[in-house]
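Here is how the chains run, residue by residue.
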Protein chains: 2
Amino acid sequence: MRRIKLTIAYDGTGYCGWQKQDGAVTVAETVENAIRKLTGEDVELLGASRTDSGVHAMGNVAVFDTESPVPADRFVPALNSFLPDDIRIAASEEVPESFHPRFDAHKKRYEYRIFVGNVCPPMRFRYVHHLRETLNVDAMREAASYIVGTHDFTSFCAAGAQVKTKVRTVTDIQVTKDGDEIVLTVEGDGFLYNMIRIIAGTLVNVGLGRTKPSEITGIIEGMDRSLAGPTLPAKGLCLCKIWYS
Amino acid sequence: MRRIKLTIAYDGTGYCGWQKQDGAVTVAETVENAIRKLTGEDVELLGASRTDSGVHAMGNVAVFDTESPVPADRFVPALNSFLPDDIRIAASEEVPESFHPRFDAHKKRYEYRIFVGNVCPPMRFRYVHHLRETLNVDAMREAASYIVGTHDFTSFCAAGAQVKTKVRTVTDIQVTKDGDEIVLTVEGDGFLYNMIRIIAGTLVNVGLGRTKPSEITGIIEGMDRSLAGPTLPAKGLCLCKIWYS
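Just so you know, these numbers come straight off a predicted model, no measurement behind them.

Participant: I would appreciate a short explanation of the pattern of salt bridges in the present structure.
Facilitator: Side chains that carry opposite charge are capable of pairing whenever their charged atoms lie near each other. Under the definition given, this model contains 28 salt bridges over all chains. A salt bridge links D65(B) to R3(B), with the shortest nitrogen-to-oxygen separation between them at 2.9 Å. Here R3(B) lies in strand β1 (residues 2–10) and D65(B) lies in strand β3 (residues 56–66), a separation of 62 residues in the sequence. What makes R3(B) buried here is its relative accessible area of 14%. E187(B) is paired through a salt bridge with K107(B); the nearest N and O atoms lie 3.1 Å apart. Separated by 80 residues along the polypeptide, E187(B) in strand β9 (residues 181–188) and K107(B) in strand β5 (residues 105–116) bring together distant segments of the chain. One salt-bridge network, in which partners are shared between bridges, spans E111(A), R113(A), R124(A), D178(A) and E181(A).

Participant: Would you explain the environment of K5(B) in this entry?
Facilitator: Residues and elements named next belong to chain B. Along the polypeptide, K5 turns up in strand β1. What makes K5 buried here is its relative accessible area of 13%. A C-alpha to C-alpha distance of 6.9 Å links K5 and F64, two positions 59 residues apart in sequence. Each residue touching K5, except ones within four places of it in the same chain, is listed here: V61, A62, V63, A91, S92, E93, V95, F99 and Y244.

Participant: How should I be thinking about the domain arrangement of chain A in this particular structure?
Facilitator: Residues and elements named next belong to chain A. The domain boundaries assigned to chain A delineate domain 1 (2–95) and domain 2 (106–244). The C-alpha-based centres of domain 1 and domain 2 are spaced at 27 Å. Listed as interface residues are 16 residues of domain 1 and, on the opposing side, 16 residues of domain 2. Taking both sides of the interface into account, the surface hidden between domain 1 and domain 2 amounts to around 1,200 Å²; carbon and sulfur atoms contribute 56%. On the domain 1 side of the interface with domain 2, the three residues burying the most area are D52, V55 and H56, jointly 39% of the side's total. Remark: the boundary between domain 1 and domain 2 carries 1 salt bridge.

Participant: For this particular structure, what's the right way to read the interface of chain B and chain A?
Facilitator: Note: interface size is frequently given as the accessible area lost on complex formation between the parts. On the chain A side, the residues contacting the 23 residues of chain B number 23 residues. With both chains or domains summed, chain B and chain A bury close to 1,600 Å², and 73% of this area falls on carbon and sulfur atoms. When the buried surface of chain B facing chain A is broken down by residue, V119(B), P122(B) and M123(B) rank first, second and third, together holding 36% of it. Across the contact surface, chain B and chain A share 2 salt bridges. Between D11(B) and R126(A) there is a salt bridge, with its nearest N and O atoms 3.0 Å apart. Summed over the shared surface of chain B and chain A, the result is 4 residue pairs in polar contact (both at pLDDT 80 or more). Of all the secondary structure elements, the ones that give two or more residues to the side of chain B that touches chain A are β1, β3, α2 (75–80) and β4 (87–95) of chain B. Examining the composition of the side of chain B that touches chain A, we find that 4 residues originate from one element, β4(B), more than from any other. Among the residues forming the side of chain B that touches chain A, the class breakdown is 16 nonpolar, 2 polar and 5 charged.

The rules we used
Counting restarts for each chain, with residues numbered from 1 along the sequence as it is written. Written order determines the labels here, with chains lettered from A and ligands numbered from 1. Local features in a predicted model are, by the rule used here, given only for residues with pLDDT of at least 70; side-chain atom pairs are given and counted only at 80 or more, and totals for whole chains, interfaces and linings are based on all residues. Hydrogens and water molecules were not included; the side-chain quantities draw on all heavy atoms of the structure. By definition, a salt bridge exists where a carboxyl oxygen of Asp or Glu is found within 4 Å of a side-chain nitrogen of Lys or Arg. Numbering of helices and strands starts at the N terminus; helices are DSSP runs of H or I of at least 4 residues and strands are runs of E of at least 2. Between buried and exposed lies partly exposed: a residue is buried under 20% and exposed over 50% of the maximum accessible area for its type, with that area taken using a 1.4 Å probe on protein chains only. Every residue pair with non-hydrogen atoms within 4.5 Å of one another is taken to be in contact. Segmentation into domains, and thus their bounds, comes from an automatic or database assignment. By buried area we mean how much accessible surface two parts lose on assembly, using a 1.4 Å probe and totalling the loss over both. What qualifies as a polar contact is a pair of N or O atoms within 3.5 Å, subject to a donor-acceptor requirement within protein and to the restriction that residues adjacent in sequence count only when both atoms come from side chains. When residues are grouped by polarity, Ala, Val, Leu, Ile, Met, Phe, Trp, Tyr, Cys and Pro land in nonpolar, Asp, Glu, Lys and Arg in charged, and all others, Gly among them, in polar.

The structure is reproduced here in structure tokens:
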């Protein structure tokens, strides 16, 4: 038995998220079906991140155990030949059977993309949140600097989430311009449910002048979801990369 | 009665091309339906370019005549509110009733995008032709220089096309790299049926070493479709811009 690690990219538009669920087409199920077609085995994919419906990925990670003789690196072309064009295996390798894609991850990078302008290009609408108002990028950068660090992120977590602790470390947030888009690049050791989308909504409130950068510390310390900004739509979010030791 | 000129951008993936036809969802019909919802009028859109099924546009142009009191520039937000996200009105203005979007166009720019690499990103597959082999960009540039000019482009026209003359002027072809993509930017006074996709197929043959740049002149002079390269897939093609005097 070998454990195979897959790096998976997908356009989340057509999927009800990563995680298998009855009556919905999900990324995990679609990849499991491709593995079945290739190896004849019914495997269970163990994913690093259960991205929500509509969220994209360039580098989600998942493992499965197999008896198949397919060489580890050949799972890339072989599985891609069974997958739809909106899901791609970007890399495959054998890992120790003890490797766990979620528990062994020590850093993740997400991007949240905001298109600013009157008319969102039709080739971009699946991948951005569309705003018509100009954003103050300098103010957003200052606000982001207060979010970076180790904090209890209760204010930035969807109400009702059940986790042992809401303390997380955000190691970096970059606010950059990419043509007509503003890109929030967020890195950290782990993220609470909807945390990036709430950080994005809070930084947009700052960019619009509704929240001052200096108010961020109070929002964090208040430990109350209602203090932070709105949860921005899933389609602007992309899981870019996961780091392992 | 006023004549309104629309600049239209679309992701052609979900449409059977521009031109209205029975039993198929087309871009023209979708925009006409939006105009009907806004003005109550049954209009006929007259388009500059009848893009094929799957071809994209950033700047196709069309006109319609209306009695509606909507200010000319307000057709942008008003029509966009009735259109799906994969079709966007980018600009609207009133033009003289004599303005003809096809006959008055004096230059058009198209882009053909080729992704070169093993795995095509899932956010890009709708907009590129995917090749795994490396292309010799310098050879493609040299070949392109022989295509630029006024020629009978019979060799670069889909067989069976009915036009008075196949003489056209290609004013510029740029072959550029954009990350993992090679972009062919082609400008000219007008193009024959499939002409850009056949130019792209011929330049790819050059990039792969199957055709020498110096053979291009003979391909043009032979006036025989079978001499040129294949017609590359529609999805790599985008109509970028149309110029009017």
